Every structure is written in structure tokens, then in C-alpha cells.
Amino acid sequence: EVHYQLSPQKLINQAVEKGEGVLSDMGALVIDTGEFTGRSPKDRFIVKDEITAATVDWNGFNQPISKHYYDGLLEKVMEYMKERKLWVRDCYVCAQPRYRLNVRVVNENPCCNLFAYNMFLRPRAAELAALPIDWHLIQLPRFFAEPATDGVPKKNFVIINFTEKVILIGGTQYTGEIKKAVFTILNFILPAEGVLSMHCAANVGKNGDTALFFGLSGTGKTTLSADPERKLIGDDEHGWGNDSIFNFEGGCYAKTIHLSAEKEPDIYKAIKFGAIVENVAFVERTNTVDYDSAALTENTRASYPINYIRNAVVPSVSEAPENIFFLTADAYGVLPPISRLSPEQAMYHFISGYTAKIAGTETGVLTPKPTFSACFGGPFIPLAAATYAELLGRKMAKGGVKAWLINTGWSGGGYGTGERILLAYTRAMISAALAGELDEVSYRKDPFFGLQVPSCCPDVPTALLDPQGTWTDKESYHEAANTLCKYFIDNFKKYSGSVSPAVLEASPAILRG
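The structure displayed is predicted, hence computed values, not measured ones. (Residues numbered from 1 in each chain as written. Predicted model: local features only at pLDDT ≥ 70, side-chain atom pairs only at ≥ 80, totals over all residues. Heavy atoms only, no water.)

Asks: Teacher, can you tell me more about the overall build of the protein chain here?
Replies: The number of helices and strands found in the protein chain is 13 helices and 31 strands. Dimensions of the protein chain, computed from the C-alpha atoms along their principal axes, are close to 70 × 55 × 45 Å. Counting all 513 residues of the protein chain, 58% fall into the buried class. Pairs at least 24 residues apart make up 71% of the contacts formed inside the protein chain by residues separated by at least 6 positions. When the accessible surface of the protein chain is split by element, carbon and sulfur atoms take 53% of a total near 20900 Å². When the 50 positive and 57 negative side-chain charges of the protein chain are each reduced to one mean point, those points stand 2 Å apart. (Helix = DSSP H or I, 4+ residues; strand = E, 2+ residues; numbered from the N terminus. Buried < 20%, exposed > 50% of the residue type's maximum accessible area, 1.4 Å probe, protein only. Contact = heavy atoms within 4.5 Å. Areas by Shrake-Rupley, 256 points an atom, 1.4 Å probe, with all protein chains shown as cover. Lys, Arg positive; Asp, Glu negative; His and termini not counted. Charge placed at Lys NZ, Arg CZ, Asp CG, Glu CD.)

Asks: Explanation requested: the pattern of salt bridges in the structure shown.
Replies: Should their charged atoms come close, side chains of opposite charge can pair. If you walk through the whole model with that rule in mind, you get 25 salt bridges. Note that E284 is salt-bridged to R285, the shortest N-O span being 3.3 Å. You can call E284 exposed: its relative accessible area is 61%. Of the residues examined, R285 reaches a relative accessible area of 78% and is grouped as exposed. In this structure, a network of salt bridges that share partners links the residues K179, K180, K221, D236, E237 and E249. (Salt bridge = Lys/Arg side-chain N within 4 Å of Asp/Glu carboxyl O.)

Asks: Help me understand the nonpolar core in this model?
Replies: Nonpolar side chains tend toward joint burial in soluble globular proteins. Counting 104 residues, the largest nonpolar core has I167, W240 and F326 as the members making the most contacts within it. The contacts of F326, once residues within four sequence positions are left out, are F214, L341, A346, H349, F350, F376, L392, W404, L405 and I406. Within the second largest apolar cluster, 23 residues are counted, among which are A211, I406, I430 and A432. (Core = buried A, V, L, I, M, F, W, Y, C linked by side-chain atoms within 4.5 Å.)

Asks: Before we go on, may I ask you to explain the environment of A346 in this structure?
Replies: When you line up the elements, A346 lands in helix α8 (residues 343–352). Taking the C-alpha atoms as reference points, A346 and P458, separated by 112 residues in sequence, lie 24 Å from one another. Setting aside its immediate chain neighbours within four residues, A346 contacts F326, L341, L392, M396 and A403.

Asks: In this structure, what is going on with the pairing of strand β16 (residues 244–247)? I would like to understand it.
Replies: Of the two faces of β16, both are covered, the one formed by S244 and F246 as well as the one formed by I245 and N247. Linking two consecutive strands that pair antiparallel, namely strand β15 (residues 237–240) and β16, is a turn of 3 residues. Pairing between β16 and strand β22 (residues 317–319): 3 bridges, direction antiparallel. Within the sheet, the bridge partner assigned to F246 lies in β22 and is V317. (Pairing = 2+ DSSP bridges.)

Asks: It is not clear to me how the packing of aromatic side chains should be interpreted in this structure. Could you clarify?
Replies: Any pair of aromatic rings gets described here by the distance separating the centres and the angle formed by the planes. All chains considered together, the criterion is met by 28 aromatic pairs. Relative to F376, the ring of F326 lies with its centre 5.5 Å away and its plane at 15°, an arrangement referred to as stacked. Here F326 is found in strand β23 (residues 321–328), whereas its partner F376 is found in the loop between β26 (369–372) and α9 (385–399), with 50 residues between them in sequence. Taking relative accessible area as the criterion, F326 reaches 0% and is therefore assigned buried. Judged by relative accessible area, which is 2%, F376 ranks as buried. (Phe/Tyr/Trp six-rings, centres within 6.5 Å; stacked < 30°, edge-to-face > 60°.)

Asks: Mind showing me how you'd approach the sheet that holds strand β2 (residues 21–23) here?
Replies: Either a parallel or an antiparallel arrangement is found when strands of a sheet pair, and the pairing is made through backbone hydrogen bonds. The 5 strands lie next to each other as β2-β3-β18-β21-β17, forming an open sheet whose pairing is mixed. Looking at strand neighbours, the two that pair on one side only are β2 and β17 (251–255), the edges of this open sheet. Here the strands of the sheet are splayed against their neighbours by 20° on average, with no regard to which way each runs. Direction of pairing for strand β18 (residues 276–278) relative to strand β21 (residues 301–305): antiparallel, over a ladder of 3 bridges. Among the inter-strand pairings, E278 is bridged to a residue of β21, identified as R301. Sheet strands in contact with helix α1 (residues 8–17) are β2 and β3 (29–31), and its direction is about 120° off that of β2. Seen against the sheet, helix α3 (residues 110–119) touches β3, β17, β18 and β21 and runs at an angle of roughly 60° to β21. (Axes fitted to C-alpha atoms, helices over the stretch in contact; angles between N-to-C directions.)

Asks: What is the right way to look at a nonpolar patch on the surface in this model?
Replies: There is a patch of nonpolar side chains on the surface, built from V16, L23 and F273 and spanning about 220 Å² of accessible area. With relative accessibility at 35%, the residue L23 sits in the partly exposed group. (Patch = residues over 30% accessible without salt bridge, like charges linked within 9 Å, V, L, I, M, F, W, Y side chains within 5 Å.)

Asks: I would appreciate a short explanation of α1 in the present structure.
Replies: Along an α-helix, a turn takes 3.6 residues, which lines up residues three or four apart on a common side. Along α1, the residues classified as buried are P8, L11, I12, Q14 and A15. One face of α1 carries all of its buried residues, which in axial projection span an arc of 165°. As for α1, its buried residues are in contact with β1 (2–4), β2, β3, β6 (86–93) and α3. The first or second residue beyond α1 is G19, which carries a positive phi of 80°. (Arc of directions from axis to C-beta.)

Asks: What am I meant to see in the side chain of N187 here?
Replies: With respect to the helices and strands, the residue N187 is situated in helix α5 (residues 176–189). Using a relative accessible area of 1% as the deciding quantity, one classes N187 as buried. The contact partners of N187, leaving out residues within four places of it in the chain, are S197, F380, I381, P382, L383 and Y388.

Asks: Could you clarify how one ought to interpret unusual backbone geometry in this entry?
Replies: Most peptide bonds are trans, and most residues other than glycine sit at a negative phi. Omega for the peptide link from V314 to P315 comes to 0°, which places this bond in the cis form. By secondary structure assignment, the location of P315 is in the loop between β21 and β22. Phi at N279 takes a positive value of approximately 60°, unusual for a residue other than glycine. Along the chain, N279 falls in the loop between β18 and β19 (281–282).

Asks: How do you make sense of the sheet that holds β15 when you look at a structure like this?
Replies: Read from one edge to the other, the open sheet built from 4 strands follows the order β11-β15-β16-β22, with strand pairing classed as antiparallel. Taken across any chain shown, the strands that pair with only one partner, and hence form the sheet edges, are β11 (196–199) and β22. Averaged over all adjacent pairs, the angle separating strand axes in this sheet is 25°, with direction ignored. Here β15 pairs with β16 via 3 bridges, running antiparallel. From the neighbouring strand, W240 faces β16, where its bridge partner is I245.

Rendered as C-alpha cells:
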């Protein structure tokens with residue numbers, strides 16, 4: 001029994017009838033994804049064959065599996081589906097038509113099929129009869145692998161086969177696996193076509209100037225890209241083609257922990273009928289979502305079509321960017337709140353993908369912990385990090401793109417001593433960069449990272465721009481800066497053989513005395 005291309009209304013009705021979820025007082029479908037409330041990157045595999053053997057960067061995220069085991073699991077999956085009700089949706093990714101990829105998604109839950117409706121681009125009804133299917137994605141939360149015979153370590157798995165153009169997802173209902181598996185295949189396919197695939201947010205100003213925002217969790221990517229004076233192209237996944245930026249998706253998958261109408265009004269208003277909210281708790285004896293509760297997970301999420309955001313660009317395509325922002329929450333209090341990067345420094349920091357976790361965010365984390373994720377999306381890039389960085393460098397050079405490193409973390413000391421940089425100051429710095437107000441000011445060179453730091457910025461205290469000057473204990477600053485430099489240098493050693501000498505020279509320097 002196959003339910004094909006059902007409307008959100010029908011999918012929501014079926015999900016509620018089947019007990020998969022309930023409606024909140026705002027009309028959103030609230031679901032519990034079960035055992036898995038986040039991705040399981042150690043359980044994702046790529047079939048190693050003639051296409052991938054010499055092209056994939058085999059590492060802790062890109063794990064090989066043989067075609068033998070894939071074929072065995074596929075056969076079991078096909079048998080399993082014969083006796084199940086299925087929900088099937090044809091959709092596509094890449095808002096730029098020349099790169100469009102049509103995907104058929106097969107689910108055994110209507111709520112997961114609604115997720116595919118929300119997150120991917122939606123073909124017109126007239127297209128469906130003749131729509132060529134490029135990829136198949138099969139997601140079966142109640143199908144479990146047998147580790148002893150199936151070549152995977154656990155009952156849950158994600159397997160990508162680039163030759164047969166199939167994604168198999170089993171044993172997990174966490175919907176983010178659907179989204180990120182498709183992102184992974186685009187990160188493999190598009191660079192060969194000269195497209196830089198990126199884990200970033202993007203928006204565009206009234207004059208058509210596009211800006212990109214890269215950053216790991218907690219750095220402010222969603223907050224800073226949601227600017228009431230600019231239109232949102234997308235919040236997470238984009239491609240940079242010859243002359244345009246385009247969203248891969250047709251929806252948003254926003255974190256909702258501590259969400260409020262005051263802090264994130266656009267996201268808050270988007271969580272209405274048709275949206276899905278995952279793994280949240282309700283205010284006792286109500287159907288009002290308690291966004292401050294982490295009873296199930298800190299990774300609470302909402303998915304909704306991008307047109308639920310009032311100032312979204314539809315279709316989600318814009319011109320090539322003029323500015324790129326790398327966001328980091330530096331808990332060591334060392335990096336300047338804003339600095340300008342040379343193209344080589346941009347490539348270095350793009351590959352590094354740095355932020356810092358702070359005490360209390362993870363069990364056992366008592367002091368700031370550096371986190372590096374290549375290209376700000378390490379788990380999703382199947383090719384060598386240098387491949388994406390070289391594309392970035394070429395595109396920046398072609399368009400004269402300006403790159404900025406923004407520290408949304410601490411100043412005047414590290415976490416526990418200093419203070420977090422005010423959001424209002426960060427917004428002012430980004431606004432000044434976008435408006436060209438930092439083009440004519442003088443710059444000084446940061447002694448540790450070699451970054452160009454502006455001498456002044458409208459609506460920002462000048463003293464804040466010099467991190468060393470905000471510390472009362474200069475010796476402690478020097479020690480913290482050297483510590484962070486060493487983390488960068490040690491992390492980058494694994495890339496030293498794949499980048500140019502100019503990029504290596506963008507490395508920070510440990511200073512003595």
C-alpha cells in the first residue's frame with residue numbers, strides 16, 4: 001500500500017491517527033524521534049567502488065562498506081518493504097535549475113514524509129508524471145541491521161551508494177539523517193561541476209548584495225543571518241556556482257532550544273500548522289511547547305517550508321556573494337571580534353572550521369575545549385577538505401569577495417573570567433562590513449594570527465576591537481593566545497600536504513616572551 005505525494009494536511013492527519021505525534025497549540029506536529037535524537041556519524045557508510053575508491057577522503061566520517069554488504073542489506077530492505085505501508089514523495093534539491101537533482105523519498109512513517117515535503121524543493125503537480133528520478137532515498141526506522149552478518153557495527157545505519165544512486169537509512173527515525181545524507185551526495189557531485197557546496201546560511205540586501213555566514217553550533221549563524229533588513233536565501237546548505245548562490249533546500253531545520261518570540265521572532269512564527277517540532281516537552285497539562293526544556297535532548301528542532309519565513313527569497317537564488325563571514329565563539333577570549341582575512345587566510349580558516357565548547361555543554365568539559373570541523377561541516381564532506389578550499393579561493397579571487405572572521409565569543413578574558421561580546425556589537429560590526437564602512441579605516445596586524453583588525457567601527461567601542469587591550473592580565477592573554485595558536489597548528493598538520501605554501505603561511509604564530 002503506497003501513499004504517493006500526499007498533502008501536508010493528509011500526512012499530519014495520518015501521523016496523529018497513528019500516534020506518531022500530536023498537535024501543539026500553534027498547530028505544529030510534535031513528534032518524538034525515539035532512541036536517536038541526533039545524527040549518528042559513526043554509523044554512516046559509503047560504498048567503496050570504482051567511483052569512490054580514489055575520490056572519497058576515507059576518514060572517521062567517510063567510512064567504507066563493500067558492495068557485497070550493501071547488496072545484502074538492499075535485498076533485505078526490499079523484502080521488508082513488500083509487507084509495509086509506504087509513503088513516497090518525489091522532490092528535488094538545488095534551487096538553481098541547471099544543478100537540479102530529483103530525489104524519490106520512501107518512508108514508512110507519514111511524519112518522516114512530511115519532513116521530506118518541508119525540507120526539499122517541491123515540484124509542480126504537472127511535472128510529476130514525467131519527472132526523471134536521479135536518486136532514491138529509503139528511510140525505514142523500524143528496519144534493523146544484523147551486525148553479525150550485515151557488515152555494520154550497529155542496528156542503525158546510513159549507507160550511500162554513488163554508483164547506484166541510492167541512500168539507505170535504517171534503524172533511526174531522526175529526520176536529520178535524511179537531510180544530511182542528501183547534503184553529503186551534493187558535496188560529492190557538485191564540486192566536479194565547479195560548484196562550491198557549503199554548510200552556511202545566506203542572505204541578500206536591498207541592493208542585491210549577497211552575504212554568506214559559516215559557523216558551527218553556538219556561534220550565531222542562524223541569529224546573525226536572520227536580519228530584518230535583509231532577505232533570507234537559506235539557513236544551512238548552499239551552492240556557489242559560476243554566477244549565483246542557491247539554496248539546496250526548500251525548508252529550514254532550526255534549533256529550538258530556548259527559542260522565544262523575542263529572540264527569534266521569524267522562527268517562532270514559522271512553527272505553525274505544517275511544521276514539525278522534534279523531541280520537545282510540553283508545559284505541564286497543556287499542548288504548549290516548553291522550548292526551554294531539554295528533557296529529551298538539547299538538540300530540539302523544527303522543520304518548516306522556507307516560505308514560512310516572512311522575508312525569504314523564493315526561489316532561493318541570488319547573485320554571487322560580496323562578503324563572507326566565518327563565525328566562531330572563541331571561549332579563550334583571544335580572537336578579535338572582527339578581522340579582515342586575505343584569500344589565503346580565508347582558505348586556512350575555512351579548512352580549520354574553529355569554535356570552542358564551553359564548560360557545561362558536555363559532560364566532563366570543565367574548561368574551554370577547541371572544536372575544529374573542516375569547512376564548517378566535516379561530517380558531510382566526502383572529498384578532501386582542500387578540494388573545497390581551493391574552490392573557495394578561486395571564487396573569492398574571481399569576484400573580489402571580502403572575507404571576515406567574527407568572534408561571537410569572549411573578550412577581556414576567557415570563559416569564566418571575561419564577558420561574552422554583546423550581540424548588538426556583533427550586529428553592528430557585520431552591518432558596517434556589509435555597508436562598506438570598514439573599507440576606508442586603518443587596520444593593525446594581530447601579532448598571533450596575522451589578521452587585519454580595524455582601528456574603529458561605527459557603534460562599537462574602539463577598545464573592544466583590540467582583544468589584548470581588554471585583558472587586565474597581559475601575561476595571561478599571551479599564554480591563552482599561544483595555547484589557541486598551538487591548537488590551530490596541531491589541527492592543521494593533517495592538511496599540510498594538500499594545500500599551497502601560501503595557505504600554510506596563514507597559520508598563526510606562537511610568540512615567546
